Amino acid sequence: MGQKIHPVGMRLGITRTWDSRWFEKKHYVDWLHEDVAIRKSFNRWMRSASISKIEIERRANQARVIVNTAKPGIIIGKRGVGIDDIRKNLERLTGKNVAVNVMEISHPELDARLVAQNIVDQLEKRIAFRRAMKQAIMRTMRAGARGIKVQVSGRLGGAEIARTEHNADGKVPLHTLRADIDYAQVEAFTTFGRIGVKVWIYRGEVLPDQPRTDGAPRDRFDRRDRRERGGRGRGREPRMQASAAPRPAMTPTESAVEPVVEPVVEPVTTVEPMAAVEPMAAVEPMAAVEPVMAMPPPEEPTTTSEGM
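Quick notes on the rules
Residues numbered from 1 in each chain as written. Predicted model: local features only at pLDDT ≥ 70, side-chain atom pairs only at ≥ 80, totals over all residues. Heavy atoms only, no water. Pairing = 2+ DSSP bridges. Helix = DSSP H or I, 4+ residues; strand = E, 2+ residues; numbered from the N terminus. Contact = heavy atoms within 4.5 Å. Axes fitted to C-alpha atoms, helices over the stretch in contact; angles between N-to-C directions. Parallel < 35°, antiparallel > 145°, perpendicular 65-115°, else oblique. Left-handed = near helix turned anticlockwise from the far one by under 90°. Nonpolar A, V, L, I, M, F, W, Y, C, P; charged D, E, K, R; others polar. Patch = residues over 30% accessible without salt bridge, like charges linked within 9 Å, V, L, I, M, F, W, Y side chains within 5 Å. Areas by Shrake-Rupley, 256 points an atom, 1.4 Å probe, with all protein chains shown as cover. Salt bridge = Lys/Arg side-chain N within 4 Å of Asp/Glu carboxyl O. Expected span 1.5 Å × (residues − 1). Buried < 20%, exposed > 50% of the residue type's maximum accessible area, 1.4 Å probe, protein only. Arc of directions from axis to C-beta. 1 Å grid on protein atoms, 1.4 Å probe; cavity = no way out; pocket = protein on both sides within 12 Å on 5 of 7 lines; lining within 4 Å. Points joined across faces, edges and corners; volume = space filled by probe spheres on them. Core = buried A, V, L, I, M, F, W, Y, C linked by side-chain atoms within 4.5 Å.

Draft legend 1. Spatial organisation of the sheet that holds strand 1 (residues 20–21). Sheet architecture is open: 4 strands sit in the order 1-2-3-4, paired in mixed fashion. On the outer flanks of this sheet lie strand 1 and strand 4 (97–104), each paired with one strand and no other. Inspection of the sheet shows strand 3 (residues 62–69) paired to strand 4 by 8 bridges, in the parallel sense. Looking across to strand 4, one finds that Val67 is bridged to Val102. Across the sheet, helix 2 (residues 28–41) lies against strand 1, strand 2 (51–59) and strand 3, angled at about 150 degrees from strand 2, the strand it touches most.

This is the structure in structure tokens:
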């Protein structure tokens, strides 16, 4: 419970190789101390030249130093003067023939050490740590990473009590051995103490039939490989687009001259004229109504006294 392991050391020999590639029994200790001294000699260029890592290969009395940097012009110098000085200093230090090769990092946003160094530079300039973390995560995800996790520890913001803050985006499968995860740890020296910065970057999977990309951007929205391996979306067939249907092969004569398609003109139907409306017959005027004569009221019978 709670036991951590280095993401790079866990994958040595599986998805990545060692930074020092040589084998020796008799002079193992001497060569090991030489490797440490060679790496220390590049400390003054680590920030200015954005050096990520230094690889060393040995053969008997010869050594080759491979410098991975995002700014090769600073190390090479004008007309290669800088790299010649570095080679002479290393030969004087080791007493052997040393060849120095400079490899350019085309995508520094996908290199964990360069991302951590960028955050450290901002923290030393008194920039808010949350802002520095969010900007680094945003740039890395835009570069094509599958996931990133950033953690800072120390007296954040000059607080009296040290604490740990972390931020992440995407996924970082630390237990997946085929996952290409780059890890780095850099310290920031501030006026109120040291602040440690750790960065994990997930750049995709390294499959047996595919070479390692070494930081090349990958499409984070491409889920076709997941369906082919039987992951999420199992049993769903990809939708066929109408434009994806294969077109019939054309002969050389057909491909040279494209047929001219004449527009089809539809006949215009004539509209029959409407029949004329017959005029309505004039309405005869009604006869005048004769006035009704008022009838006189009936006369009442008169009675005489004679009959009584």
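Let us keep going from here.
Draft legend 2. How the structure looks around the packing of helix 5 (residues 112–124) against helix 6 (residues 129–142). Put simply, helix 5 and helix 6 touch, their axes get as near as 10 Å, and they point 155 degrees apart. When the axis of helix 5 is compared with that of helix 6, the two are roughly antiparallel. For the element pair helix 5 and helix 6, the recorded crossing hand is right-handed. Taking contact as the criterion, the partners of Val115, Asn118, Ile119, Gln122 and Leu123 in helix 5 are, on helix 6, Phe129, Ala132, Gln135, Ala136, Arg139 and Thr140. Of the residues in the contact of helix 5 with helix 6, the class split is 6 nonpolar, 4 polar and 1 charged.

Draft legend 3. Quick peek at a nonpolar patch on the surface. On the surface, Tyr28, Val29, Leu32 and Val36 cluster together into a nonpolar patch covering about 350 Å² of accessible area. Looking at where Val36 falls in the secondary structure, it is placed in helix 2.

Draft legend 4. Summary view of unusual backbone geometry. For Ser50, which is not glycine, the phi dihedral falls at a positive 55 degrees. In this model, Ala60 sits at a positive phi of 50 degrees, which is unusual for a non-glycine residue. Looking at the secondary structure, you find Ala60 in the loop between strand 2 and strand 3.

Draft legend 5. Molecular detail of helix 2. With 14 residues, helix 2 should cover 20 Å at 1.5 Å per step; its first-to-last C-alpha distance of 20 Å lies within 8% of that length. Regarding helix 2, the residues found buried are Trp31, Glu34, Asp35 and Ile38. Buried residues along helix 2 cover an arc of 105 degrees about the axis, so they all sit on one side. Among the exposed residues of helix 2, those pointing more than 90 degrees away from its buried face are His33 and Lys40. Of the surrounding elements, those touching the buried residues of helix 2 are strand 1, strand 2, strand 3 and helix 4 (81–94).

Draft legend 6. Just the pairing of strand 3, in detail. When you tally the buried positions in strand 3, you get 6 out of 8 residues, the bulk of the element. Pairing geometry for strand 2 and strand 3, over 8 bridges, is antiparallel. Each bridged residue has a counterpart across the sheet, and for Arg58 the counterpart in strand 3 is Ala63. Counted between consecutive antiparallel strands, the loop separating strand 2 from strand 3 contains 2 residues, among which Ala60 sits at a positive phi close to 50 degrees.

Draft legend 7. Inspection of the layout of surface pockets at higher detail. There is about 980 Å³ of room inside the largest pocket. Taken together, 35 residues make up the lining of the largest pocket; nearest its centre are Arg16, Asp19, Ser52, Lys53 and Asp111. Per element, the largest residue contribution to the lining of the largest pocket is 5 residues, and it comes from strand 2. When the residues that make up the lining of the largest pocket are grouped by side-chain class, the tally is 12 nonpolar, 9 polar and 14 charged.

Draft legend 8. Spotlight on the sheet that holds strand 5 (residues 147–154). What the 4 strands build is an open sheet, ordered 6-5-8-7; its pairing is antiparallel. One side of each edge strand has no neighbouring strand; the edge strands of this open sheet are strand 6 (163–170) and strand 7 (179–190). For this sheet, the mean angle separating the axes of adjacent strands, direction not counted, is 10 degrees. Alignment of strand 5 against strand 8 (residues 193–205), held across 8 bridges, turns out to be antiparallel. Considered in strand 8, the bridge of Gly154 is made with Ile195. Relative to strand 6, helix 6 is tilted by about 20 degrees, and along the sheet it contacts strand 5, strand 6 and strand 8.

Draft legend 9. Up close: the nonpolar core. Residues Ile119, Val197 and Val199 are the most contacted members of the largest nonpolar core, which totals 26 residues. In this structure Ile119 touches Ala132, Ala136, Val150, Val197 and Val199, once residues within four positions along its chain are discounted. By size, the runner-up hydrophobic cluster in this structure holds 16 residues, among which are Trp45, Ala49, Ile75 and Leu90.

Draft legend 10. Focus on the pattern of salt bridges. According to the stated counting rule, one finds 16 salt bridges in the structure shown. With a closest N to O distance of 2.8 Å, Asp35 and Arg58 form a salt bridge. Of the two residues, Asp35 is situated in helix 2 and Arg58 in strand 2; the sequence distance between them amounts to 23 residues. The exposure classification of Asp35 matches that of Arg58, with both residues buried. Among the ionic pairs, Lys53 bridges to Glu55, the shortest N-O distance being 3.9 Å. Three or more residues are tied together by salt bridges with common partners; here these are Arg21, Lys53, Glu55, Glu57 and Arg64.

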